[in-house]
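One-letter residues, chain by chain:
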Amino acid sequence: MRVALFITCYNDTLFPQTGIATVRLLERLGHTVEFPENQTCCGQMHSNTGYGDEAIPLIRRFVKAFRDAEVVVSPSSSCVSNIRTAYLRSLVDTGDEALKRDVADLVPRVFELSQFLVEKLGVEDVGAYYPRRVTYHPTCNSLRALKVGEAPLKLLRAVRGLDLIELPDAQECCGFGGTFAVKNEDTSVAMLSDKMRTVLGTRAEICTALDSSCLMHIGGGLHRLRSGVRTVHLAEILASTEGDFIHGERR
Amino acid sequence: MASAAERHTFPELAKRAVADTQLRRNIGNATQTIRAKRAAVVAEVPDWEDLREAGRSLKEHTLRSLDRYLVQLEEAVTKAGGQVHWARDGAEASRIVIEIAERHSVKEVIKVKSITTEEIKLNEALEAAGIRPFETDLAELIIQLGDDVSSHILVPAIHRNRAEIRELFMRKLGLTELSDRPSDLTAAARTYLREKFLTVPMAVSGANFGICDTGTICVVESEGNGRMCLTLPQVLVSVMGVEKLVPTWEDMEVFLQLLPRSSTGERMNPYNSFWTGVMPGDGPQEFHLVLLDNRRTDVLADRTGRQTLNCIRCSACLNICPVYSRTGGHAYHSEYQGPIGAILTPQLHGMESAASLPYASSLCGACYEVCPVKINIPEVLVHLRTRAVAQSGFTLEKLAMGAAIRMFDNPRLLETAQKIARVAQRPFASDGYITGGIGPVRQWTKARDLPAVPSQSFRDWWRTRR
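Residues numbered from 1 in each chain as written. Chains lettered and ligands numbered in written order. Predicted model: local features only at pLDDT ≥ 70, side-chain atom pairs only at ≥ 80, totals over all residues.

Asks: Can you help me understand the UniProt feature "domain: Cysteine-rich" (unreviewed entry) in chain A in this one?
Replies: Those places that UniProt annotates as "domain: Cysteine-rich" (unreviewed entry) correspond, in this numbering, to residues 3–83 and 134–218 of chain A. Secondary structure content for residues 134–218 of chain A is 48% helix and 12% strand, and the end C-alpha separation is 14 Å. (UniProt positions renumbered as here; feature names shortened; annotations may be inferred. Helix = DSSP H or I, 4+ residues; strand = E, 2+ residues; numbered from the N terminus.)

In structure tokens form, the structure reads like this:
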């Protein structure tokens, strides 16, 4: 399949390894990956903070970049959720019927990575090897907006060497919430401290999820505490193979 | 109600709340307990999702023809011997209640728990007119005796524990001996209240539902204090928001299943009181229904905001909310707290007095998932954020957001910004993490590290492959 990758602005800037892993994984599964270079940001921060009208040029940019794609895949559930739920809502009062049609036509072809693999391609074992103790945090957008359900867990269970530990109170938000994390810093950190407590309680080495943004929040707290526990995007786990580890140590 | 600039913002109040060990424990325990109870009784109902949809569509239907239904209710109540009053705002509603009390030379009234009367500050208005209101709901009594403020729409004293209530009752009810056993605390309140039920000649209530075809008003409560107030006094006044209507008696089948399971986690609510006008020789001999607008028709006129009026005040969204369960209700500085408070307060009291509330959410969506009438609270929150931005003047945030759009709308500018960030972060970065900074980075890094911008972006890597 010809897969157009929507990398998202923060993966491009802060977490290139997540994008690289997504490319490696999809190519290993025999797909052709394209990266339309005129893509930037879906506009989520703007539309969630009350600047939905200002973000309309970014909707137009996204449509222009991906209009001809067979499928669009993104390693970010919150960006996919923004595209699926906010785009048409933002355009309601604009008279731009052509853009509305383009968005309605494109949205069904936009997938979050784990949903693409499990639901669209029907793949669960992607041939990955990752000898680590891992816990999975279902981010709010993947859980409630995209309803990815068991898809990421099915993928993780099929990874050789991986010890999957269930996270208690997993459905509780980590406290990121985009600009919420800085506008309501105290409450955000109060939520984070409870999330870190449950992550650390699993004694996992790695906490994984479908969103680099939420992982940046959980990982930022865990690093500040020098907990030794890291956050890793699901794509990076799925991209790993035996060749990446020598005597169990990551190269 | 007059709107004033927001004096206490959510972040300021929440900062204090999350640092309060006792509060965190009280609220954390209470919300966890009630969440589990709700989840268990909702799971028992095989057609729960159908019930939610029925509740939502009944509310939507009624609100779409509210003009017609309000007149139908007025006619039915009047025909049954009740008197109907229309109040544009809280001041008008309070004046109507006070006039009724003065006509009967009443100096004391007993009250059924009612958030609507809190919304219009009725108790303050009554006291100013020399009339003393007595709250009879146990939690409302605790709030009133403690000169406290409600922190939960269903369980107003949720922020208090048994030891604190024991101390309050001993002090305010003049008791020399009292244990902190719930049964003893309830008995103390009962002794105090019984005399009021038997002697005070007028009661004021809110209303959960107004049934249009029969003219019946419904109050749902758990302690029996409501039943006493609704049956013993000679005069009964009910203040009801205009959104509380349901078309027919039959529709109660839906709401009396949705409400108790969502609110207290019970299969059936203990006391469901229904009354239709006046019954000669039985119960109150004078019944007044005050229909309150107080900006509800403005909410109705707003395409996205109007779903807020579906609310049946169950409080499931408060209990499930990760923000509420850590800050408690006082941080919302409103009689409506939690996710529903964050959308209702700015719409009823004016955005300028509550502009920080639409931002008091991580948009996690748990509230929408549990709402028995399917209010898409995250959608309304985002909609109200847009209004808050539109109503605010110049802010640094607006400037930054505008600049960010220009950057994101031009891949070259984005790349330039990435390059600048790699240089600008140097004073704050070590070993791949930023630990301090200015503006939003400072807020982030107070308690969290931030990954430094790496030397190669994904875009850079992609080009190396070509």
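Asks: Help me understand the domain arrangement of chain A in this model?
Replies: One widely used convention gives an interface's size as the accessible area the parts lose upon coming together. All names here are of chain A. As assigned here, chain A comprises domain 1 (2–120) and domain 2 (133–250). When each unit is reduced to the centre of its C-alpha atoms, the spacing between domain 1 and domain 2 is 22 Å. Tallying the contact residues gives 26 residues for domain 1 and 22 residues for domain 2. Among the elements of the structure, helix H1 (9–13), helix H2 (16–28), helix H3 (44–49), helix H5 (77–91) and helix H7 (113–120) are those that each provide at least two residues to the side of domain 1 that touches domain 2. Across the side of domain 1 that touches domain 2, the residue classes tally to 10 nonpolar, 13 polar and three charged. (Domains from an automatic or database assignment. Contact = placed C-beta atoms within 7 Å. Nonpolar A, V, L, I, M, F, W, Y, C, P; charged D, E, K, R; others polar.)

Asks: So what exactly am I meant to see when it comes to helix H4 (residues 56–66) of chain A here?
Replies: Residues spaced three or four apart along an α-helix point in a common direction, a consequence of the helix completing one turn every 3.6 residues. Regarding H4 of chain A, the residues found buried are Leu58, Ile59, Arg61, Phe62 and Phe66 of chain A. Down the axis of H4 of chain A, the buried side of the element spans an arc of 160°, and every buried residue falls inside it. Each element contacted by the buried residues of H4 of chain A is listed here: strand E1 (2–5), strand E3 (71–74), H5 and helix H6 (97–106) of chain A together with helix H19 (396–408) of chain B. (Buried ≥ 20, exposed ≤ 12 C-beta atoms within 10 Å, placed from the backbone. Arc of directions from axis to C-beta.)

Asks: Is there a simple way to explain the UniProt feature "domain: Lactate utilization protein B C-terminal" (unreviewed entry) in chain B in this structure?
Replies: In the numbering used here, UniProt assigns the feature "domain: Lactate utilization protein B C-terminal" (unreviewed entry) to residues 395–465 of chain B. Between the end C-alpha atoms of residues 395–465 of chain B the distance is 43 Å, and the span holds 58% helix and 8% strand.

Asks: What is the right way to look at the domain arrangement of chain B in this model?
Replies: Domain annotation for chain B reports domain 1 (45–294) and domain 2 (396–465). A C-alpha centroid distance of 54 Å is found between domain 1 of chain B and domain 2 of chain B.

Asks: Help me understand the sheet that holds strand E7 (residues 206–209) of chain A in this model?
Replies: Residue and element names in this part refer to chain A. What the four strands build is an open sheet, ordered E6-E5-E7-E8; its pairing is parallel. Two strands close off the open sheet at either side, each with one partner strand: strand E6 (163–165) and strand E8 (230–233). Recorded for the sheet is a direction-independent mean angle of 35° between the axes of neighbouring strands. With three bridges connecting them, strand E5 (residues 133–136) and E7 associate as parallel partners. In the strand pairing of E7, Tyr136 is matched with Thr208. (Pairing = 2+ DSSP bridges. Axes fitted to C-alpha atoms, helices over the stretch in contact; angles between N-to-C directions.)

Asks: Can you walk me through H2 of chain A in this structure?
Replies: All names here are of chain A. In a regular helix each residue adds 1.5 Å, so 13 residues correspond to 18 Å; H2 covers 18 Å between its end C-alpha atoms and thus fits that length. Those residues of H2 not exposed but buried are Pro16, Thr18, Gly19, Ile20, Ala21, Thr22, Val23, Leu25 and Leu26. At the C-terminal side of H2, Gly30 shows a positive phi close to 90°. (Expected span 1.5 Å × (residues − 1).)

Asks: Can you help me understand the sheet that holds strand E2 (residues 108–111) of chain B in this one?
Replies: Adjacent strands of a sheet form backbone hydrogen bonds with each other and so pair up, either parallel or antiparallel. All names here are of chain B. Read across the sheet, six strands follow the order E1-E10-E7-E4-E2-E3 without closing on themselves; strand pairing throughout is parallel. On the outer flanks of this sheet lie strand E1 (83–87) and strand E3 (132–135), each paired with one strand and no other. Taking the axes of each pair of neighbouring strands and ignoring which way they run, one obtains an average angle of 25° across the sheet. Summarising the sheet, E2 and E3 pair through four bridges and their orientation is parallel. Pairing of Ile110 across the sheet is with Phe134, part of E3.

Asks: Got a minute to help me understand the UniProt feature "domain: LUD" (unreviewed entry) in chain B in this structure?
Replies: Mapped onto the present numbering, the UniProt feature "domain: LUD" (unreviewed entry) falls on residues 72–278 of chain B. The annotated region residues 72–278 of chain B carries 43% helix and 20% strand content, and the separation between its end C-alpha atoms amounts to 18 Å.

Asks: Can you help me understand the nonpolar core in this one?
Replies: Nonpolar side chains in soluble globular proteins tend to be buried together. Residues and elements named next belong to chain B. The biggest cluster of nonpolar side chains holds 196 residues, and the ones touching the most others in it are Val290, Cys317 and Ile377. If you tally residues by element for this core, the top one is helix H18 (residues 377–391), at seven residues. Leaving out residues up to four positions away in the same chain, Val290 has contacts with His85, Ala87, Ala93, Ile96, Val97, Val237, Ser238, Val239 and Met240. (Core = buried A, V, L, I, M, F, W, Y, C linked by C-beta atoms within 7 Å.)

Asks: Please clarify how the interface of chain A and chain B should be interpreted in this entry.
Replies: Counting from both sides, the interface comprises 51 residues of chain A and, opposite them, 48 residues of chain B. Elements represented by at least two residues in the side of chain A that touches chain B include exactly H1, H2, H3, H4, helix H8 (140–145), helix H10 (180–183), helix H11 (185–201) and helix H12 (212–224) of chain A.

Asks: I'm lost on the environment of Asp213 of chain B in this one. Help?
Replies: Residues and elements named next belong to chain B. Mapped onto the elements, Asp213 comes out in the loop between strand E5 (209–211) and strand E6 (216–221). Sequence separation of Asp213 and Glu250 is 37 residues, and the distance between their C-alpha atoms is 9.8 Å. With near-sequence residues (within four places) excluded, Asp213 lies in contact with Ala76, Pro247, Thr248 and Trp249.

Asks: Explanation requested: unusual backbone geometry in the structure shown.
Replies: Negative phi characterises most residues that are not glycine, and trans characterises most peptide bonds. For Thr8 of chain A, which is not a glycine, the phi torsion comes out positive at approximately 80°. For Thr8 of chain A, the location among the structural elements is in the loop between E1 and H1. Of note, the phi angle at Asp431 of chain B is positive, near 50°, even though the residue is not glycine. Classification of Asp431 of chain B as exposed rests on a count of 8 C-beta atoms within 10 Å.

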